[in-house]
Amino acid sequence: QVQLVESGGGSVQAGGSLRLSCAASGYTYTLNCMGWFRQAPGKEREGVAAMSTDGRTTYYSTSVKGRFTVSQDSAHNTVYLQINSLKPEDTAMYYCAETNRYGCGLSTYDYNSWGQGTQVTVSS
């Protein structure tokens with residue numbers, strides 16, 4: 001069982017930046033991939049970024065590539081999502097997730113545990 005806690009969301013103007021954090025605790029010995037997803041009201045949850053915890057592979061959706069960067073700390077139990085050049089379309093609840101499977105991607109079906117989310121609101 002892995003517990004995930006997101007933080008770092010807030011309200012910013014278009015063009016600004018945010019850095020989201022996701023801290024994992026509990027049984028993390030088989031944690032192999034961590035991902036970031038977002039969900040706006042009335043829309044399906046969308047995968048935006050993910051990485052293998054060995055640091056070898058990252059994934060980005062085409063809508064955010066070039067603006068979002070996923071990374072992790074040296075202990076491999078915290079992942080970050082650096083968001084630059086924010087747009088109003090980025091407004092959503094952002095969630096982190098984890099899985100013990102290998103070869104993860106941006107599908108919600110790949111993941112086992114989810115955090116409670118952190119709200120990102122971008123105004124023009």
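Definitions and cut-offs
Residues numbered from 1 in each chain as written. Predicted model: local features only at pLDDT ≥ 70, side-chain atom pairs only at ≥ 80, totals over all residues. Heavy atoms only, no water. Helix = DSSP H or I, 4+ residues; strand = E, 2+ residues; numbered from the N terminus. Rg over C-alpha atoms; globule rule 2.2 N^0.38 Å. Buried < 20%, exposed > 50% of the residue type's maximum accessible area, 1.4 Å probe, protein only. Contact = heavy atoms within 4.5 Å. Areas by Shrake-Rupley, 256 points an atom, 1.4 Å probe, with all protein chains shown as cover. Lys, Arg positive; Asp, Glu negative; His and termini not counted. Charge placed at Lys NZ, Arg CZ, Asp CG, Glu CD.

A.B. asks: Give me the overall build of the chain: which residues, what numbers.
C.D. replies: Looking only at helices and strands, the chain has zero helices and 11 strands in total. Overall, the chain shows an N-to-C arrangement of helices and strands of β-β-β-β-β-β-β-β-β-β-β. Relative to the globule expectation of 14 Å for 124 residues, the C-alpha radius of gyration of the chain, 13 Å, shows essentially globular dimensions. Within the span of the chain, comprising 124 residues, buried residues form 44% of the whole. Residue pairs at least 24 apart in sequence account for 56% of intrachain contacts in the chain once pairs closer than 6 positions are excluded. Looking at the chain as shown, the accessible area adds up to about 6,400 Å², and 45% of this sits on carbon and sulfur atoms. Charged side chains in the chain number 9 positive and 9 negative. The centres of these two groups are separated by 5 Å.

A.B. asks: Requested: an account of the environment of Thr-69, with residues and values cited.
C.D. replies: Locating Thr-69 in the fold gives a position in strand S7 (residues 68-72). The class for Thr-69 is partly exposed, based on a relative accessible area of 39%. For the pair formed by Thr-69 and Leu-81, sequence separation is 12 residues and the distance between their alpha carbons is 5.6 Å. With residues up to four places along the chain from it excluded, the contact list for Thr-69 reads Tyr-60, Tyr-80, Leu-81 and Gln-82.

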